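The chain contents come next:
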Amino acid sequence: MNALVSTINELARRVGRDVRLMEVCGTHTMSAFRSGLRQLLPSNVRLISGPGCPVCVTDTNYIDAAIALCRRPGVMMTTFGDLVRVPGSPSAGGSLERERAAGAGVRVVYSPTDAVALARDNPAKQVVFLGVGFETTAPTVAASIVQAAKDGIRNYFVLCAHKTMPRAMEALLHDREIKIDGFLCPGHVSVITGAAIYRFICEKYKIPCVVAGFEALDMLKAIEMLLAQIADGRAEVEIEYSRSVNERGNIAAQKLLAEVFEECDAGWRGFGNIPRSGLAIRAKYAQFDAAKSLGVKFEAARPHPGCRCGDVLRGVITPPECKLYGKACTPTNPVGPCMVSNEGTCAAFFKYDRKAAT
Amino acid sequence: MERDRILLAHGGGGSLTRELIEELFLPAFDNPRLRPLEDSAVLSLKAQNYAFTTDSYVVKPYFFPGGDIGKLAVCGTVNDLAVQGARPLWLSLGVILEEGLPLADLRKIVASIRETAVEAGVEIVTGDTKVVERGKCEGIYINTAGIGEIVTPRRLGVAEVRPGDAVIVNGNLGEHGVAVLSRREGIAFHTSVVSDCATLWQLVKVVLDAGAEIHAMRDPTRGGLAATVCDIARASGVGIRLQETALPIGREVRGACDLLGLDPLTIANEGKVVVFCRGADAERVLSAMKSNALGRHACVIGEVMEKPVGVALLHTVIGGERIVDVPTGEDLPRIC
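Remember, it's a predicted structure, so these values are computed and weren't measured experimentally.

Quick notes on the rules
Residue positions within a chain follow its written sequence, with the count starting from 1. To label them, take the chains in the order written and letter them from A, then take the ligands in the order written and number them from 1. In keeping with the model being predicted, local features are shown solely for residues with a pLDDT of at least 70 and side-chain atom pairs are shown and tallied solely at 80 or more, while totals for entire chains, interfaces and linings include all residues. Side-chain numbers come from the whole structure's heavy atoms, not from hydrogens or water. Stacked, tilted and edge-to-face pairs are distinguished by plane angle, under 30 degrees for stacked and over 60 for edge-to-face with tilted covering the rest, among Phe, Tyr and Trp rings (Trp via its six-membered ring) whose centres lie within 6.5 Å. Each helix is a run of DSSP H or I of at least 4 residues and each strand a run of E of at least 2, with the numbering of both proceeding from the N terminus. Burial classes: relative accessible area under 20% of the type maximum marks a residue as buried, over 50% as exposed, and values in between as partly exposed (1.4 Å probe, protein chains only). Both a distance and an angle decide whether a charge sits over a ring: NZ of Lys or CZ of Arg must be within 6 Å of the ring centre and within 35 degrees of the ring normal. What makes two strands pair is DSSP finding at least two bridges between them. Geometry is summarised by axes, namely lines fitted to C-alpha atoms with helices restricted to the contacting stretch, and by angles between N-to-C directions that run from 0 to 180 degrees. Salt bridges are identified by distance alone: a Lys or Arg side-chain nitrogen within 4 Å of an Asp or Glu carboxyl oxygen. Segmentation of the chain into domains, including their bounds, is taken from an automatic or database domain assignment. Whether two residues are in contact is decided by their heavy atoms: any pair within 4.5 Å suffices. Each of two parts loses accessible area, computed with a 1.4 Å probe, when they are put together; buried area is these two losses added. Each polar contact in these results corresponds to two N or O atoms within 3.5 Å; when the atoms are within protein, one needs to be able to donate a hydrogen and the other to accept it, and residues that are neighboring in sequence are counted only if both atoms are side-chain atoms. Here the term charged refers only to Asp, Glu, Lys and Arg, the term nonpolar to Ala, Val, Leu, Ile, Met, Phe, Trp, Tyr, Cys and Pro, and the term polar to all other amino acids, Gly among them. Cysteine sulfur pairs qualify as disulfides if the two atoms are within 2.5 Å.

All chains considered together, the criterion is met by 10 aromatic pairs over all chains. Aromatic side chains Phe214 of chain A and Tyr241 of chain A sit 5.7 Å apart centroid to centroid with 80 degrees between the ring planes, which places their arrangement in the edge-to-face category. Of this pair, Phe214 of chain A sits in the loop between strand S8 (209-212) and helix H11 (216-232) while Tyr241 of chain A sits in the loop between strand S9 (237-239) and helix H12 (251-260), placing them 27 residues apart in sequence. Judged on exposure class, the residue Phe214 of chain A and its partner Tyr241 of chain A are both buried. With a centroid separation of 6.3 Å and an interplanar angle of 35 degrees, the aromatic rings of Phe25 of chain B and Phe29 of chain B are classed as tilted. Linking Phe25 of chain B with Phe29 of chain B, this pair stays in helix H1 (residues 15-29), spanning 4 residues, or about one helical turn. Judged on exposure class, the residue Phe25 of chain B and its partner Phe29 of chain B are both buried. An aromatic cluster of at least three residues, connected via ring pairs, comprises Phe134, Trp268 and Phe271 of chain A. Positioned over the ring face of Phe200 of chain A is Arg167 of chain A, at 4.9 Å from the centre of the ring. Above the ring of Phe63 of chain B, the side-chain terminus of Lys108 of chain B is found at 4.7 Å from the ring centroid.

Written out as structure tokens, the structure reads:
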């Protein structure tokens, strides 16, 4: 442990300039804050958080559409817990949590297969699952659609906003406001996709990538590996999380994803539209697509003025630089999604790193 | 009582209500103060100071590994008295039953209340039963209020903690919350973790008799250890530093928390007491705790400092430091 920190210090001296490393995984964000890892890094190495929280990168217009949909009679909305407290745009009003308190059918589930079971048990309802998340959660949603198709369940729908990580990482590299010297690549995503998906980042942009596990020690080791690459002038994909991740990933999960989804352009909070960064439900399974089957409209939405979640997600600012942070926007009364989600950077900052009242 | 489920009529105040009380509740809890079945119990008080507390129990599901809502309803209230330095004497018992509740379940719960009350040395001296329509509650809700006699000459309280104090806990954290969650519809997962639900008075008594200078005690129930240390840091105007390496957290609890994205520090306990005592007395408290079955895994988990005022910190395994905070959302509803 101490040896690792001193190697990191040594490498940072060798690099001899300011280095910005970005993690793009909500679990990494939380782990870094929970372990106090940042305080152990040398002063010229900064770990910044990117768009790794799936709830946070979800566009406001999606939340608005979900709120409008759950108000329809006969709709039973099912979702992972994090999403219920995310505020929609001020004009849409409220959140799914508030809609539930006002009587709308909104249920928190722990797996999309639970939503399929609810659809089976409530044939008179239209059961909608909010499909939000990266390559980690998308396979389970794909599996739920395949299962519903196989069992002939006709009242199960997915409001799909799944996203994939590599194109967002590329978008970050094109952003002039941000300078990234290395990526700590997400462990969970890579279990599914394999580490090879990051290779284009090394080849095209000469940015080192290390796939990291989730313990603080994993992250420190990955930071050491990134600094070693930077010191040597290398840019490669390396795997620190080798106990779970290989080059090729989980082929069965990839097949399932390809069976149900196809690539599409997607809107990301803070980034706008990123080509080929989303997953859409294929025509073959269109009946399960809530947007098509239930005629859901995504209207242009404006998030709360003053909310800088977008800038936080791109790593342009840290949460305390947002005027709303800790004042108008707190975990009890969140304005933006980064303050809501367990994996949100603002929530992590507020929870674990706000300056003590000394 | 040949019917096998609770009917609305059981709460109507008529013959079925009487039957329920006389055949089920009274035999279980019989004592001279309850027996007359008057509108209120008559109590004779002799000591100078008494502690009085109340708590409601809505745990879902009402049977869970290591206990049930009945055991919980006694332990929770008795423990609230105990950590105030009060010997638990009397409890009230209010039950709200859902129409259709299997009588067998109610019998089991009542037996469990009786058993736990005997163990804790408290009497149920007054009670009430209501029945609500099916769907208006989930099986059974319980409210208990308790009265206890203060036996410690020194005032214990959240505002009495001072720099230099040691923070001690009597055993593994997070077991109640994880046990309940493991049986929760929609999350159910396999684990051998059982609730730590237990009455703490005997353990607390041993600690109080150890001759140590105790400043405060708390049972870290809802909100877990995190809520307890945050409350105390704020109320006493001190800083609290916990050592992550010292925290007693079992592998299964840690694993379940990782899986569910929860912080074990915020998970509810029902058989734990956190003791804040003069630093020099830490060993004394520890060895007293270890003499009791519920304190076998007792350990010092942190210390109290002057600064940062009102804040609890965790010194992490890797040598970093972070704030300890309480959850804001509904991570774990209906845990007790």
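Picking up after the structure, the text goes on.
Residue and element names in this part refer to chain A. Here Ala3 shows up in helix H1 (residues 2-15). Among the residues examined, Ala3 registers a relative accessible area of 53% and is labelled exposed. Residues Ala3 and Thr58, 55 residues apart in the sequence, show an inter-C-alpha distance of 40 Å.

Residues and elements named next belong to chain B. If you trace the 4 strands from one edge of the open sheet to the other, you get S1-S6-S4-S5, paired in mixed fashion. The open sheet has two edge strands with one neighbour each: strand S1 (50-57) and strand S5 (123-132). Strand-to-strand twist in this sheet, taken as the mean axis angle between neighbours without regard to direction, amounts to 15 degrees. Relative to strand S6 (residues 140-150), S1 runs antiparallel, the two sharing 8 bridges. Across the sheet, the residue bridging to Tyr57 is Ile142, located in S6.

A word on the pattern of salt bridges. Two side chains that carry opposite charge are able to pair once their charged atoms sit near each other. Counting across every chain of the model gives 38 salt bridges over all chains. In this structure, Glu177 of chain A engages Arg314 of chain A in a salt bridge whose closest nitrogen and oxygen atoms are separated by 3.5 Å. Of this pair, Glu177 of chain A sits in the loop between helix H8 (165-174) and strand S7 (182-186) while Arg314 of chain A sits in the loop between helix H14 (309-313) and helix H15 (345-352), and the two are 137 residues apart along the sequence. Since its relative accessible area comes to 10%, Arg314 of chain A is described here as buried. Note that Glu213 of chain B is salt-bridged to Arg154 of chain B, the shortest N-O span being 3.6 Å. Residue Glu213 of chain B is found in the loop between helix H5 (201-208) and strand S8 (214-218), and its partner Arg154 of chain B is found in the loop between S6 and strand S7 (165-169); the two are separated by 59 residues along the sequence. What makes Glu213 of chain B partly exposed here is its relative accessible area of 22%. A network of salt bridges, in which partner residues are shared, links Arg14, Asp232, Arg234, Glu236 and Glu238 of chain A.

Okay, the domain arrangement of chain B next. Residue and element names in this part refer to chain B. With domains assigned, chain B is organised as domain 1 (8-150) and domain 2 (158-323). Look at where the C-alpha atoms of domain 1 and domain 2 centre, and you get two points 27 Å apart. Contact residues are listed per partner, giving 22 residues for domain 1 and 23 residues for domain 2. For the domain 1 and domain 2 pair, buried surface summed over both sides reaches about 1,800 Å², with 65% attributable to carbon and sulfur atoms. The three residues of domain 1 that bury the most area against domain 2 are Pro65, Asn79 and Val83, which together make up 32% of that side's buried surface. One can count 0 salt bridges joining domain 1 with domain 2. Taken together, the links from domain 1 to domain 2 amount to 6 residue pairs in polar contact (both at pLDDT 80 or more). Of all the secondary structure elements, the ones that give two or more residues to the side of domain 1 that touches domain 2 are helix H2 (69-82), strand S4 (86-98) and helix H3 (103-120). Each residue belonging to the side of domain 1 that touches domain 2 can be placed in one class, and the counts come to 12 nonpolar, 5 polar and 5 charged.

Summed over all chains, the structure comprises 1 disulfide over all chains. Free cysteine Cys25 of chain A: the closest other cysteine sulfur is in Cys53 of chain A, separated by 9.9 Å.

Residues and elements named next belong to chain B. Omega for the peptide link from Lys60 to Pro61 comes to 0 degrees, which places this bond in the cis form. Along the polypeptide, Pro61 turns up in the loop between S1 and strand S2 (63-64). Here the residue pair Lys307 and Pro308 is connected by a cis peptide bond, since its omega of -5 degrees sits within 30 degrees of zero. Take Pro308: it is sitting in the loop between strand S11 (299-305) and strand S12 (312-315). The backbone of Leu37 sits at a positive phi, close to 50 degrees, despite the residue not being glycine. Counting through the fold element by element, Leu37 comes out in the loop between H1 and S1. By relative accessible area, Leu37 is classed as partly exposed at 36%.

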